[in-house]
Amino acid sequence: MLVKSNADQEKRIVEQLIDDDPELLRQHELFKAEMAFKQELIDARKKNKLTQKDVSKLSGLSQQAVSRMEKGAGGTLETIIRYLSSMGYSLSIKKN
């Protein structure tokens, strides 16, 4: 049976769960950071008016690898660096 999603209700449930469990909160924060990073990759690619296929050719990665990385389903550090380098970006670390 399909049930219509209620984003507000789901958000409240997640907030209650993570408030009650410090480990779950840590995992949730890591997940959000990963998704934000993947979105930054997509935004950078689009800002440079490149398709996934373009990045594939420039980086030497398969188009499928580029797609999987952007969907958050994989990507080693080497793959991420190759993706970024193909567009003239580099990877850096900063303290929050």
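Before any of the text, the structure's been laid out above.
This text gives an overview of the structure that appears in the document. Counting of residues starts from 1 at the beginning of each chain's written sequence and follows it residue by residue. In keeping with the predicted nature of the model, local features appear solely for residues at pLDDT of at least 70, side-chain atom pairs appear and are counted solely at 80 or more, and the whole-chain, interface and lining totals rest on all residues. As a convention, hydrogens and water are excluded, and side-chain values are obtained from all of the structure's heavy atoms.

Some words on the side chain of K38
Helix and strand labels come from DSSP, where a helix needs a run of H or I of at least four residues and a strand needs a run of E of at least two; each type is numbered from the N terminus. When you line up the elements, K38 lands in helix 2 (residues 22-47). Think of it in three bands: with a 1.4 Å probe and only protein chains considered, a residue is buried below 20% of the maximum accessible area for its type, exposed above 50%, and partly exposed in between. Lys and Arg are tallied as positive, Asp and Glu as negative. Neither His nor the chain termini are counted. A pair is scored as a salt bridge if a Lys or Arg side-chain nitrogen falls within 4 Å of a carboxyl oxygen belonging to Asp or Glu. One buried charge, K38, has no salt-bridge partner; the nearest side chain with opposite charge is E34, at 4.6 Å. Two N or O atoms count as a polar contact when they lie within 3.5 Å, although within protein this holds only if one can serve as hydrogen donor and the other as acceptor, and sequence-adjacent residues are included solely when both atoms are side-chain atoms. Of note is the side chain of K38, whose polar atom sits 3.4 Å from the backbone oxygen of M69. Ignoring any residue separated from it by four or fewer positions in sequence, one finds K38 in contact with M69, E70, G72 and G74. Residue contacts are counted whenever heavy atoms from the two residues lie within 4.5 Å of one another.

Notes on the pattern of salt bridges
What the rule picks out here adds up to four salt bridges. Of the charged contacts, one joins E29 and K32 as a salt bridge, the two residues approaching to 3.4 Å between their closest N and O atoms. Taken together, the residues span about one helical turn, with E29 and K32 both in helix 2 at a distance of three residues. With its nearest N and O atoms 2.6 Å apart, the salt bridge here joins R45 to E70. Within this pair, whereas R45 is found in helix 2, its partner E70 is found in helix 4 (residues 63-70), the two being separated by 25 residues in sequence. Relative accessible area serves as the criterion here: at 8%, R45 is assigned to the buried category.

Nothing here speaks to function; it is geometry throughout.
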